[in-house]
Amino acid sequence: MLEVGEKSGKLAETINQITEDMEKQFALRNKIVGALIYPIIIFVLLFAVIIFMIIFMVPQIKDLYNSFGQAELPLATQILVSIGELFSNPISILPVLILILGSILGFVTYSKTKIGKINLERIRLKIPIVGNLYKLIQIVQLTRVLYVLLDSGVSIINALEISKNSVNSYTLKNIISNSKEDVIKGLNLSVALSKNNNLNFIPEIILKLIAVGEESGQISSVLKDINNFYEQELDQMTKNLTKTLEPFIMLIVGIMVMFLALAVYSPTVQLIQNIS
């Protein structure tokens, strides 16, 4: 891009565009990390409470239960007791650790394969909120790089090749790569993207706007407008991400609290009933 900007006499403008692009990417990353801090803290605290109960409270409840001659603990309590006994025994925890490490290694290896990238991305796109956010980030990145490159004088073929390397989505990379081959054969960019738009990754409205830009000869300007619109949508989505995730967080926390309450209080209630 710097070489093209130097040859076209727009070096200063190209540098400014590259700087602005890097600043936007950094700001977006910070917004997403900031939005995820709250749920991470909630789940860390919940995990800490569970560990505390497994180590200190549940064994005391078990001893109290056994002291009254009650042999069988309620299911929820027995699950916590079994987990505590498992992790307190080095011999029994070793196979579990091996299984966990093996699963992580297998997942990482699978995620680096072609079929793994495709399948994992399809799953990611189907996850509520996460899928929309992921797709929106990729669209913003694609349109930003494309309009910067085309505005700097880069040919559409080279712009597509560079754009392909700027996005993380395997699906979008394939769309761009196949579209580039069709553009080389003589198809318009909008037609090529429509033809190769797997999983409808690129919204139909974007394809129509690109077609309008091609007809008017203002494709870089249209791509810039598209990028500005979707950047605003992405900005709004990241701002509301914490509020959007709250119902799911509350649901998970509620289920875990209910499970812990059953594990702690059901033995006491059952013990009182048996004594009565």
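The structure we're discussing is the one just above.
Residues numbered from 1 in each chain as written. Predicted model: local features only at pLDDT ≥ 70, side-chain atom pairs only at ≥ 80, totals over all residues. Heavy atoms only, no water.

**Examining the packing of helix α3 (residues 75–88) against helix α4 (residues 90–111)**
No. 1: Two elements in contact, α3 and α4, have axes separated by 5 Å at closest approach and are oriented at 95°. Comparing the axis directions of α3 and α4 gives the class roughly perpendicular. Together, E85, L86, F87 and S88 of α3 and P90, S92, I93 and V96 of α4 make up the contact between the two elements.
No. 2: Here the residues of the contact of α3 with α4 are counted per class, giving five nonpolar, two polar and one charged. (Axes fitted to C-alpha atoms, helices over the stretch in contact; angles between N-to-C directions. Helix = DSSP H or I, 4+ residues; strand = E, 2+ residues; numbered from the N terminus. Parallel < 35°, antiparallel > 145°, perpendicular 65-115°, else oblique. Contact = heavy atoms within 4.5 Å. Nonpolar A, V, L, I, M, F, W, Y, C, P; charged D, E, K, R; others polar.)

**Digging into the packing of aromatic side chains**
No. 1: If you walk through the whole model with that rule in mind, you get two aromatic pairs.
No. 2: Geometrically, the ring pair formed by F52 and F56 is tilted, given 5.1 Å between the ring centres and 40° between the ring planes. Of this pair, F52 and F56 both sit in helix α2 (residues 11–67), four residues apart, roughly one helical turn.
No. 3: The partly exposed category is assigned to F52, whose relative accessible area is 44%.
No. 4: Judged by relative accessible area, which is 45%, F56 ranks as partly exposed.
No. 5: Arranged with centres 5.2 Å apart and planes meeting at 90°, the rings of F229 and Y230 form a pair that is edge-to-face. (Phe/Tyr/Trp six-rings, centres within 6.5 Å; stacked < 30°, edge-to-face > 60°. Buried < 20%, exposed > 50% of the residue type's maximum accessible area, 1.4 Å probe, protein only.)

**Structural notes on the nonpolar core**
It is characteristic of soluble globular proteins that their nonpolar side chains tend to be buried jointly.
No. 1: Ranked by internal contacts, the top residues of the largest apolar core, which has 58 residues, are L172, I202 and I210.
No. 2: It is helix α6 (residues 130–151) that contributes the most residues to this core, twelve residues altogether.
No. 3: Contacts of L172, omitting those with residues within four sequence positions, involve E121, Q138, L142, V167, F201 and I202. (Core = buried A, V, L, I, M, F, W, Y, C linked by side-chain atoms within 4.5 Å.)

**Some words on empty space enclosed by the protein**
No. 1: Summed over all chains, the structure comprises one cavity of 30 Å³ or more.
No. 2: The volume enclosed by the largest cavity comes to roughly 50 Å³.
No. 3: As for the largest cavity, its lining consists of I139, L142, T143, L146, L193, I202, I206, I210 and L223.
No. 4: Those elements giving two or more residues to the lining of the largest cavity turn out to be α6 and α10 (204–216).
No. 5: Looking at the lining of the largest cavity, the element that brings in the most residues is α6, giving four residues.
No. 6: Tallied by class, the residues present in the lining of the largest cavity amount to eight nonpolar, one polar and no charged. (1 Å grid on protein atoms, 1.4 Å probe; cavity = no way out; pocket = protein on both sides within 12 Å on 5 of 7 lines; lining within 4 Å. Points joined across faces, edges and corners; volume = space filled by probe spheres on them.)

**Here we look at the pattern of salt bridges**
No. 1: Taken as a whole, this structure holds six salt bridges when the rule is applied.
No. 2: Note that D235 is salt-bridged to K31, the shortest N-O span being 1.9 Å. Of this pair, D235 sits in helix α11 (residues 219–239) while K31 sits in helix α2, and the two are 204 residues apart along the sequence.
No. 3: K239 is the salt-bridge partner of D235, the closest N and O atoms lying 3.3 Å from each other. You can see D235 and its partner K239 sitting in helix α11, four residues apart, about one turn around the helix.
No. 4: Residues joined by salt bridges that share partners form a network here, namely K31, D235 and K239. (Salt bridge = Lys/Arg side-chain N within 4 Å of Asp/Glu carboxyl O.)

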